[in-house]
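Take a look at the letters that make up each chain.
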Amino acid sequence: MSRRLLVMMMVTGAYLLVSCSGKDKDAFEVTGSVKNSKSANVFLQEIPMNGKPPVMIDSAKIENGKFTLKGIGKEEGLYQVALDAEPGVLIVNDEPEISIELDMSKKNDFYTVKGSPASESLRKFVFGYTARQEDLQPLFMQVDSIQKSGASDSIVGLAVQKREAGIQEFNGFLKTTLKEEKSPSVSIFVLGMAARSMEPAELKTALTDISKKFPDHAGVKAVKETFEQQLLAFEKQQQAIKDNSMVGQQAPALSMPDVNGKNVTLADFKGKYVLVDFWASWCGPCRQENPNVVAAYNKYKGKNFTILGVSLDEDKAKWLEAVKADQLAWTHISDLKGWESAATTTYKFNGIPFNVLVDPSGKIVADNLRGDALDKKLAELLQ
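One numbering rule holds for all chains: residues counted from 1, following each sequence as written. Thresholds applied to this predicted model are a pLDDT of at least 70 for local features of residues and 80 or more for the giving and counting of side-chain atom pairs; totals over whole chains, interfaces and linings are not thresholded and use all residues. Excluded from the side-chain calculation are hydrogens and water; included are all heavy atoms of the structure.

Participant: So what exactly am I meant to see when it comes to the pattern of salt bridges here?
Facilitator: Proximity of charged atoms lets side chains of opposite charge pair with each other. Salt bridge, as used here, is a side-chain nitrogen of Lys or Arg placed within 4 Å of a carboxyl oxygen of Asp or Glu. For the structure on display, the rule yields 10 salt bridges. Across the pair Asp375 and Lys299 runs a salt bridge, and its minimum N-O distance is 3.0 Å. Taken as a pair, Asp375 in helix H10 (residues 372–382) and Lys299 in helix H7 (residues 284–300) lie far apart in primary sequence, 76 residues in all. Only protein chains enter the calculation, and the probe is 1.4 Å; a residue is then buried if its accessible area is under 20% of its type maximum, exposed if over 50%, and partly exposed in between. Residue classification places Asp375 among the partly exposed residues on the basis of a relative accessible area of 27%. Three or more residues are tied together by salt bridges with common partners; here these are Asp109, Glu120 and Arg123. Numbering of helices and strands starts at the N terminus; helices are DSSP runs of H or I of at least 4 residues and strands are runs of E of at least 2.

Participant: Sorry, what's going on with the packing of aromatic side chains here?
Facilitator: Centre-to-centre distance and the angle between the planes together describe a pair of aromatic rings. To pair, rings of Phe, Tyr and Trp, with the six-membered ring standing in for Trp, must have centres within 6.5 Å; the planes then decide the type, stacked if under 30 degrees apart, edge-to-face if over 60, and tilted in the middle. By the definition in use, this model includes 15 aromatic pairs. Each ring, one from Phe278 and one from Phe349, has its centre 4.6 Å from the other, and the planes form 40°; the classification is tilted. Here Phe278, found in strand E11 (residues 273–279), pairs with Phe349, found in the loop between helix H9 (342–346) and strand E14 (354–358); they are 71 residues apart in sequence, far enough to count as distant. There is no split in this pair, since Phe278 and Phe349 are both buried. Taken together, a centroid distance of 6.4 Å and an interplanar angle of 50° make the contact between Trp282 and Trp339 tilted. Of this pair, Trp282 sits in the loop between E11 and H7 while Trp339 is found in the loop between strand E13 (331–333) and H9, placing the two residues 57 residues apart along the sequence.

Participant: It is not clear to me how unusual backbone geometry should be interpreted in this structure. Could you clarify?
Facilitator: Of all residues except glycine, most have a negative phi; of all peptide bonds, most are trans. In this structure, the amide linkage connecting Ile352 to the following residue, Pro353, adopts the cis form with an omega of 10°. Secondary-structure assignment places Pro353 in the loop between H9 and E14. Of note, Asn368 is a non-glycine position whose phi angle comes to about 55°, a positive value.

Put into structure tokens, the structure is as follows:
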């Protein structure tokens, strides 16, 4: 991962959840040195808790590789020391005098910080997170590659196990960091990054622990309240999906032109298990899920199972291009009406990817099967 991407990740994570503490802070000063830099100016910016752009606090010229920035923060918070031509770094104003040294010729560990335990803790976390993320990415790529190659179930299974072990180790690092962290601001930052890989229940537990550790931290209280509201909204959404579920009902009739313009109906597949997969070429999550669908098709296509892809595209050329690019070797249909497609009202969904699994008699036996859930359900029914 490049240094610029690293800092973008840091600021993005900060936008997610960072807030301020209940511990009073006054004036603080940041002195620093910069080597091998193209920048002439440096800026001190506060990272707001509400996701808005950084707020300018102070600026200075870099003279002879040195600079001094000053700020006033009544509470502990997260700040960015930003360069005008290169990425900057994040710090916490937990102490009145903070010193940083940057060497822009380095890809990793390009800065050090002194005088601020929280800033140093944040620095160690960011570089540790980045290193572990870089180790994890090849495991995902390996699984996708093996699935697309049509390898045997045992080989795919081993790759998936290795990936899952990597994810568990990665989340273990996050949990340990959250448990040991002594700064409320850094804790909230870490939690924001953890939201990318940890389950909602795990995040809720971690946030509860942070709240107990920092009971007087106003920012933690605000984050906890916001998270609980978001979790409640998510749970309501999931309940609404469950309430609208058609599992146990006969699958409604579905008829649309295929890629050649020939009319195809769901009834044409009666006598087989059919995964009716609703997707679109422009849907990022759909394209990310497609390797899982391809793997399921390759694994079970010889066991009275097939897939009927139903696209919410409007542009036929882009639809066909995505089918080819993602190697979706099954029947595809679309009325090319986007969200106005008859499929959305007939099957009562308002988001994609979405699917229903229809049994040989035409009854829906499962819906919204994603990732490993799809393989597990097919294994249950077809083995």
